[in-house]
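# Structural description and commentary
Residues per chain, in single letters:
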Amino acid sequence: MDRYHVIKIFLTGVLSATTLAGCENLPGTREQQGAAIGGAAGLIAGSSISDGDLFGTVLGGALGAGAGYLIGANSDKLFGGSSANDAQQAVSKAQTNPATAADVSRSSTADLNKDGFVTTDELVAMADAGLSDQQMIDRLRATNQVFDLSRAQEDRLASQGVSRNVLREMRDINREERERVISRQRG
């Protein structure tokens, strides 16, 4: 059985056990419990939508837990043994300690905290720092990450000041690497 199926079976079990256990018996706050359940559901949904691509699985899980915070990842993060955990940590960090315009000056790429992921707060911080569209696009390219934005994420980012031009360009940034990652997972 390949890694994808093991992850899917494990997460299905976790989601089922969590649902049956009842929230009052689970550790953490109601919000943290909701994030964990959403993450597990997102991982399962992401794996189904992505037709078995680990890229979709990782992003689906992080999106479920973080309402769309995760928008990009390095391919090594997608194939690493702790990819889902790393994605969850990136989302948690983005939620609890979002990037600011001041963080932009300390980085030369869009991955402001250098964790191997780009989150929505990092994109918004670059816009807040006054970077031009081209500067943002160059920083996104410099991450060597693959990006995946839903229409809802694009709309939310545009409402927070990120240029539609930047969002359109993200669809093609590192496209070859994204295709390589997807074909590697299928192969």
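Quick summary incoming for the structure in this document. (Residues numbered from 1 in each chain as written. Predicted model: local features only at pLDDT ≥ 70, side-chain atom pairs only at ≥ 80, totals over all residues. Heavy atoms only, no water.)

All chains considered together, the criterion is met by seven salt bridges. Taking the shortest distance from any N to any O, the salt bridge between glutamate 154 and arginine 171 comes out at 2.8 Å. Of the two residues, glutamate 154 sits in helix H9 (residues 151-159) while arginine 171 sits in the loop between helix H10 (164-170) and helix H11 (175-186), which places them 17 residues apart along the sequence. With a relative accessible area of 5%, glutamate 154 lands in the buried category. Among the residues examined, arginine 171 registers a relative accessible area of 40% and is labelled partly exposed. The structure contains a network of salt bridges with shared partners spanning Asp138, Arg141 and Glu169. (Salt bridge = Lys/Arg side-chain N within 4 Å of Asp/Glu carboxyl O. Helix = DSSP H or I, 4+ residues; strand = E, 2+ residues; numbered from the N terminus. Buried < 20%, exposed > 50% of the residue type's maximum accessible area, 1.4 Å probe, protein only.)

Bridge count between strand S1 (residues 70-73) and strand S2 (residues 117-119): three bridges; the pairing is antiparallel. The residue bridging glycine 72 from the neighbouring strand is valine 118, located in S2. When S1 meets strand S3 (residues 146-147), the two strands line up antiparallel, connected through two bridges. Each residue of the ladder has a partner; that of glycine 72, found in S3, is phenylalanine 147. (Pairing = 2+ DSSP bridges.)

Since the α-helix packs 3.6 residues into each turn, any two residues three or four apart lie on the same face. By the burial criterion, the buried members of H9 are Gln153, Glu154 and Leu157. All buried residues of H9 lie within an arc of 100 degrees about the axis, which places them on one face of the element. Of the exposed residues in H9, the ones pointing more than 90 degrees away from its buried face are Arg151 and Ser159. Phi for glycine 161, located one or two positions after H9, is positive at around 100 degrees. (Arc of directions from axis to C-beta.)

Our next topic: the packing of helix H7 (residues 120-128) against helix H8 (residues 133-142). Here H7 crosses H8 at 145 degrees, and the two axes come no closer than 10 Å. Here H7 and H8 pass one another in a crossing that is right-handed. Touching Leu123, Met126 and Ala127 of H7 are Met136, Arg139 and Leu140, all from H8. Its residues assigned to classes, the contact of H7 with H8 comprises five nonpolar, no polar and one charged. (Axes fitted to C-alpha atoms, helices over the stretch in contact; angles between N-to-C directions. Left-handed = near helix turned anticlockwise from the far one by under 90°. Contact = heavy atoms within 4.5 Å. Nonpolar A, V, L, I, M, F, W, Y, C, P; charged D, E, K, R; others polar.)

Below, the discussion takes up H8. By the burial criterion, the buried members of H8 are Met136, Ile137, Arg139 and Leu140. Buried residues in H8, looked at end-on, bunch into an arc of 160 degrees, giving them a common side. In the core, the buried residues of H8 are packed alongside helix H6 (101-104), S2, H7, S3 and H10. Asparagine 144 occupies a position one or two residues after H8 and carries a positive phi of about 60 degrees.

As far as function goes, none of this settles anything; it's purely spatial.
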